[in-house]
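Analysis of the macromolecular model
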Amino acid sequence: EKRANTEFAVVVYDKHGQKSVNSTEGFLAKAAPKTEKDETTGATIHLIESSENMLWLAWELKVGAKTSFNIKLTEDIEIPSDKWQFYQLNVSNSSIDGQGHSITINEDVSKFGNSAGGLFYKFNNSTVKNLVLKGSITANTSITVNPTEGRYIGALCRSAYGSIFENVMSEV
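Residues numbered from 1 in each chain as written. Predicted model: local features only at pLDDT ≥ 70, side-chain atom pairs only at ≥ 80, totals over all residues. Heavy atoms only, no water.

Right, let's talk about the nonpolar core for a bit. If you look at the biggest cluster of nonpolar residues, it comprises 26 residues, and the most contacted ones within it are Met-54, Ile-103, Leu-119, Phe-120 and Phe-123. Residue assignment for this core shows that the elements contributing at least two residues are α2 (51-62), β5 (70-73), β9 (102-108), β10 (120-124) and β11 (127-138). With residues up to four places along the chain from it excluded, the contact list for Phe-123 reads Val-91, Ile-96, Val-128, Leu-156, Cys-157, Ser-159, Ala-160, Tyr-161, Ser-163 and Phe-165. (Core = buried A, V, L, I, M, F, W, Y, C linked by side-chain atoms within 4.5 Å. Buried < 20%, exposed > 50% of the residue type's maximum accessible area, 1.4 Å probe, protein only. Helix = DSSP H or I, 4+ residues; strand = E, 2+ residues; numbered from the N terminus. Contact = heavy atoms within 4.5 Å.)

Turning next to the pattern of salt bridges. Going through the model one piece at a time under the given rule, you end up with one salt bridge. Measuring nitrogen to oxygen at the nearest pair gives 3.2 Å for the salt bridge that ties Glu-36 to Lys-72. Of this pair, Glu-36 sits in strand β3 (residues 34-37) while Lys-72 sits in strand β5; the two residues are 36 residues apart in sequence, bridging distant segments of the chain. (Salt bridge = Lys/Arg side-chain N within 4 Å of Asp/Glu carboxyl O.)

Moving on, we get to the packing of aromatic side chains. As enumerated under the stated definition, the model contains three aromatic pairs in all. Ring geometry for Trp-56 versus Phe-69: centroids 5.8 Å apart, planes at 75 degrees, classification edge-to-face. Note that Trp-56 is positioned in helix α2 and Phe-69 in the loop between α2 and β5, a separation of 13 residues in sequence. Given the relative accessible area of 7%, Phe-69 is considered buried. Taking 5.4 Å as the distance between ring centres and 55 degrees as the angle between the ring planes, the aromatic pair formed by Phe-120 and Phe-123 counts as tilted. Residue classification places Phe-123 among the buried residues on the basis of a relative accessible area of 0%. (Phe/Tyr/Trp six-rings, centres within 6.5 Å; stacked < 30°, edge-to-face > 60°.)

This part takes up the sheet that holds strand β12 (residues 157-161). An order of β7-β10-β12 is seen for the three strands of this open sheet, with the pairing classed as parallel. Two strands in the sheet have a free side with no partner beyond their single neighbour: β7 (90-92) and β12. Pairwise comparison of adjacent strand axes, ignoring direction, gives a mean angle of 15 degrees for this sheet. When β10 meets β12, the two strands line up parallel, connected through four bridges. Paired with Asn-124 across the bridge in β12 is Tyr-161. (Pairing = 2+ DSSP bridges. Axes fitted to C-alpha atoms, helices over the stretch in contact; angles between N-to-C directions.)

Any functional reading would require information beyond the geometric quantities listed.
Written out as structure tokens, the structure is:
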């Protein structure tokens with residue numbers, strides 16, 4: 001499988017803050033989520049049950065030259081505040097079903113300047129449903145939100161085009 005940008009760095013930590021994987025290849029093998037087939041469409045659905053699965057998804061979206069996924073959360077996910085990076089993850093023709101679960105994020109978006117996003121950067125023609133977002137997004141510097149200049153910020157994403165959001169709640 002072709003990797004478009006090998007500069008993407010992944011460091012995975014367990015719930016105690018200890019490194020659980022030291023190499024990217026080891027990370028990919030360990031963090032890949034389980035899958036199931038949609039009985040109606042036959043599409044592959046990735047079952048996200050941990051922050052490591054989310055990091056695997058980020059890797060595939062940023063480096064793996066993939067832009068579409070069908071995912072279901074099977075557990076509440078907490079993404080460690082100093083371990084997750086918003087890498088401008090563009091998602092197209094995808095579906096995310098939180099199944100009532102939550103994703104907790106605590107992120108300082110100052111490092112992104114005026115181009116801050118959210119958990120994902122942009123959705124195109126995608127569906128997100130039954131998801132709760134928790135946590136906080138802070139900025140230690142001033143971020144000017146100005147849609148005419150392409151400056152946006154949001155808990156789930158920076159922007160969305162042709163997408164459907166159903167039963168998505170933000171406690172961020």
